[in-house]
Each structure stands twice: as structure tokens, then as C-alpha cells.
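Listed here are the chains, written in short residue letters.
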Amino acid sequence: MSKRFSRAEVARHDSETDCWVIIDDSVYDLTSFAKFHPGGRRVILAVAGQDVSEQFHALHNSVRLLHKYNPRLRIGKLVDSDNYSGKGKKQQSSVAVVGEEEKSEFGAMVPFGDPYWYQGYRSPYYNESHARFRAKVRAFVDKELMPHVHTWDEQGTYPPDLHERAYKAGIYGAIWPREFGGTPPEQFDAFHDLILVDELSRCAAGGVLWACFFSFGIALPPVLSVGSDFLKSKVARDVITGKKIMSLAVTEPYAGSDVAGLKTTAVRQGDHYIVNGAKKFITSGTKAQYFTTAVRTGGAGTRGISLLLIDRDLPGVTIRRQKTQGWWISGTAYITLEDVKVPVTHLIGEENQGWKAIMFNFNHERFVLAAMSNRYARVCMEEAIAYARKRKTFGKRLADHQAIRHKVAEMARRVEATHALLEQIAYQMKCNLPQPRQSAIIALAKVQATKTMEFCAREASQIFGGNCYVRGGIGEKVERLYREVRVNAIGGGSEEILLDLAMKMSKL
């Protein structure tokens, strides 16, 4: 049990050789730490014996720092801390029970910081299963991702066991069939999928999300939808349970959104295909064991494309890492394929019929990117609001300046409108609207979301000023997301390509 201290007792520890402070409901001994403080020891000594909660949260990324230093510096709690939840607020329940007569609330209740149904508004789309799943994913993100993503981003990697930890938590396999090890929630539908992406994206680190959680989400579906029983049994369970990593390898140096122009060839010789070519910008490519690879087995155009499952350990496969503007954790790779002998049994679906599987796969990939981008926009807005409420200029809070309030209003209207569009799409998915009918609106949603993300990243940066120009610290999330704007706007189909696709599919 933690020791308990009164505020008066803490106040007596106010010297260079005996320096305590209060942060939220906890007491910290900073005597030894003061000389290591990045801002100098005098900053610490000036507040010795005091409650520094307001200053601490205003100047630091408090979640990450408290997670890092609590084990070493925290010595106890205040005697009146039982009903304290931090920053001077009494603790409130964050678990929503959908359908209650009273207002249902979940999360920190920062205005527009979460979707409307988290903040007491009614929705026709969600039930108790969705609320329980939302709480499960949030708990995982808060414990396993939030405190660590900055360090992982700087290191350019993440712990290998994260896959299996996420699976055991009921997160990793949530959208996959039970027969292959999936762990879908009760009454699973497309809104659980939307919640999963939205909640995971709160960590504001696309690299770890795509490398760990989403890359196999675009690589495995072709195997499950058109692959043989042999291929399903070979890879599905190990991938879904986090034991093996799988990536999609379509993009090439000469073919990005123009998939029909890909040049990697697969020539059949007896019981094997001989594969030659190169793949570029392959997310999680440095870690993946298997690649769902688009190859040309026939003539030019879309009718000559097939999909092969290629193992990284086959002779002739060379993988090198590519340095990227954002997504530093993603393990993005350039893959060279030189006379790689791939068994014919590794053909996914029928020969020369890979185009359709690739195109239908794009729908869900773009939906994920849209949902991610809109949550990133919401994170930028939420972080900016929290900062503007604490930061004071010219004698008043930033949030009290009309110019700042208008920036937040512009962010909010874009984010809320985009989320409403995502829910419309999720409902069409739930109703099994044919994939070709979904393509146009999903393409538009992805463009809407990435433009919203770009706008919010810029406006949040303006509110933070220099605090989001440096890596780490209170502006950490916004700084990182600003670097990730372009990959979201380009990946899965650039904005220009998708706008044109939407018009073609709508038969303009």
C-alpha cells in the first residue's frame, strides 16, 4: 500500500537536500533528480514542497513522463487522493452503457476529442457490444502503446512480442474468423472494425499501427477469399495469432496507383513460377515472413496479373530498409526478386485473376486509412484544445482568444463531418453492399479524411507554436502526425487518383 502524506507534510520538504513535489494525487521525491532536470535544478528547487500539477501538465507530455518516472520517483499519495483523477478533477466513470436514459460518457470529455456517441449523444449504430469492445481497445492502447510510441519511433522499431500481446488482449484477431484463430467480439459488425481502427489510432503513431496491426490486414484477405485450403492452413492461423508477420507487395518502382502497369514477372516452369522484379514502399517488409505479391503471369494490363505467396527465406529474395519521412517504426522495405522459385501451390486464386482481389482489397485498406486519418485529425484537435486551455498569453488562456477558438471550430466541423461519412460507409459494409458500389464513396472518404488530417495538423501546429516543432515533449503527437500527413495522403491511392476513381466508378 502506498504511503500517505498531507500537503502540510510535503511542504516541509522544500530544500535542495530534501525536495518533494505534488503532481495530481501523488507525491514525488525529486532530491536526486533535480540535477538531471533538462531545464536545470533551479527550476525544480523553485517549486520544492509545492503542488506543481498545473505547471507539469502545461509543459510536458505527462502520460509518457509519469509512466517513465513513477517507479523511481513516486513515494506515495496525498491523504485526500481517493476521489482524485488528476488535474484537480474528481473521478468520473469513463464507461458508457449505450441506451441508458442518463447521458453516457466515455473518455476525457475534451470537446470533440472523441466521437459524438462517446460524449452523451445518441446513435442508431452502436450497442453494448460496441461499448465493451471500445473499452477493451482503449485500455490496451493506454497501457501498451501510449507510453512507448515516442521511444519506439525514435528507435525505428517496436518489441517483437507486441503482436502476440495484442492477440492475447483480444485486439489483434478481432476482425478475423474464429476458424483461423480470430477473436471477434460478440455480434461483430463493421462498426467494431471502425472502433478498432479509431481507438488504436489514438496512439498517434501510424508506423507501429501499420507494421504491427494493419499490414497483414491488407495481405491476408486475398488468401482467405480466393486462396486454396493449403495456403489458408499454411499462413492464416500463424498470422492471425501474431506468430508470423505478413505484408502486401504490390507497389513497384514503376507502378504505384497504376497497378495495371506492374512489371514483376512470374514465368511458370513445371511446378514453380520463376519470379523477377522489384517491390517498393512495402510496409512492414523488413519484418514480414510472407508477402502477398502481385506479379505478371500473362499479357499487358489487368488481365495478366496474379497473386503469389512468397516466403522471405526463398533464395533470390533481398530486402533492404527504406528511410521514410514519417512512420519511422513501419519497417518500410525495398524488395528485390531475382529468379525466385515459388511453388505453383503458392498461387493465390486463379492465374491471371489477381486484379479483382487487389481492387476489392483496396476498399478496406482505404477505409482503414480514412478512419486512421480522421482520428489523427481529432488527436491534433484534442491536443491543441488541451494545450490552449493551459497556455496563457497576454494575460489569458489561448483558448480565450477568438482566433484560436475559430481554429478549433474549423477543425471540429471537418472532423465531425468526416466521422459521419465513415459511419455511413460502415453501415453499407454491415449491409453487405456490393464491393464495386462501395468503391466511389470510400475513395472520397479517404480524400476527405486525409485533407482533414492535413488541415488539423497545420492548425494544431500553429496553436502549439515551437512546442510541436521539436520532437518529444508536450507537442510530441502533433509533431509526429505532421510528418505522417503525406503517407496517409498518398498511401492506398493518392488523393488525385482517388478523386478520379470516384468519378469513374460513379459513371460521371
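Residues numbered from 1 in each chain as written. Predicted model: local features only at pLDDT ≥ 70, side-chain atom pairs only at ≥ 80, totals over all residues. Heavy atoms only, no water.

**Observations regarding the overall build of the protein**
- Within the protein, the secondary structure is distributed over 16 helices and 15 strands.
- At 25 Å, the protein has a C-alpha radius of gyration in line with the 23 Å of a compact globule built from 508 residues.
- In terms of principal-axis extent, the alpha carbons of the protein reach across some 85 × 45 × 40 Å.
- Out of the 508 residues belonging to the protein, those deemed buried represent 53%.
- A separation of at least 24 residues holds for 72% of the contacts in the protein among residues at least 6 apart in sequence.
- For the protein, the exposed area adds up to about 23,300 Å²; of that, 51% sits on carbon and sulfur atoms.
- Each charge sign in the protein was given a centre, from 69 positive and 55 negative side chains, and these centres are 3 Å apart. (Helix = DSSP H or I, 4+ residues; strand = E, 2+ residues; numbered from the N terminus. Rg over C-alpha atoms; globule rule 2.2 N^0.38 Å. Buried < 20%, exposed > 50% of the residue type's maximum accessible area, 1.4 Å probe, protein only. Contact = heavy atoms within 4.5 Å. Areas by Shrake-Rupley, 256 points an atom, 1.4 Å probe, with all protein chains shown as cover. Lys, Arg positive; Asp, Glu negative; His and termini not counted. Charge placed at Lys NZ, Arg CZ, Asp CG, Glu CD.)

**Topic: the sheet that holds strand β1 (residues 3–5)**
- Strand order across the open sheet formed by 5 strands is β1-β5-β4-β3-β2, with mixed pairing between neighbours. Looking at the sheet topology across the chains shown, the edges are occupied by β1 and β2 (14–15).
- Of the strand pairs in this sheet, β1 and strand β5 (residues 74–78) are connected by 3 bridges, and their pairing is parallel. Within the sheet, the bridge partner assigned to F5 lies in β5 and is L78. (Pairing = 2+ DSSP bridges.)

**Things to note about a nonpolar patch on the surface**
- Taken together, I441, L444, L499, M503 and L508 make up a surface patch of nonpolar side chains, about 450 Å² in accessible area.
- The set of elements that each furnish at least two residues to the nonpolar patch consists of α14 (435–464) and α16 (495–505).
- Following the sequence through the fold, L444 ends up in helix α14.
- Among the residues examined, L444 registers a relative accessible area of 31% and is labelled partly exposed. (Patch = residues over 30% accessible without salt bridge, like charges linked within 9 Å, V, L, I, M, F, W, Y side chains within 5 Å. Salt bridge = Lys/Arg side-chain N within 4 Å of Asp/Glu carboxyl O.)

**As for the pattern of salt bridges**
- By the definition in use, this model includes 30 salt bridges.
- Between D142 and R202 there is a salt bridge whose closest N-O contact spans 3.2 Å. Taken together, the residues span a long stretch of sequence, with D142 in helix α5 (residues 128–145) and R202 in the loop between α8 (190–200) and α9 (206–219) at a distance of 60 residues.
- Classification of R202 by relative accessible area gives buried; the value is 12%.
- As a salt-bridge pair, E383 and K477 come within 3.7 Å of each other at their nearest N and O atoms. Placement of E383 in helix α12 (residues 354–390) and of K477 in helix α15 (residues 476–490) is noted, with a sequence separation of 94 residues between them. Side by side, E383 and K477 carry an identical accessibility label, which is buried.
- Beyond isolated ion pairs, a larger network of salt bridges with shared partners links D114, R138, D142, D198, E199, R202 and R375.

**Let's talk about the environment of T264**
- With respect to the secondary-structure elements, T264 resides in the loop between β6 (246–249) and β7 (265–269).
- A relative accessible area of 1% places T264 in the buried class.
- When the C-alpha positions of T264 and L337 are compared, they lie 8.4 Å apart, and in sequence the two are 73 residues distant.
- Among the polar contacts made by the side chain of T264, one reaches the side chain of E252 at a distance of 2.7 Å. (Polar contact = N/O pair within 3.5 Å; in protein donor to acceptor, adjacent residues only side chain to side chain.)

**A word on the pairing of strand β9 (residues 290–296)**
- In terms of residue burial, β9 counts as a mostly covered element, since 7 of its 7 residues are buried.
- Every second residue of β9 is oriented toward a common face, with Y290, T292, A294 and R296 on one face and F291, T293 and V295 on the other, all of them buried.
- Pairing geometry for β6 and β9, over 4 bridges, is parallel. Paired with L248 across the bridge in β9 is T292.
- With 7 bridges connecting them, β9 and strand β10 (residues 305–311) associate as antiparallel partners. What sits directly across from Y290, in β10, is D311.

Fair warning: the whole summary comes from geometry, so function is off the table for now.
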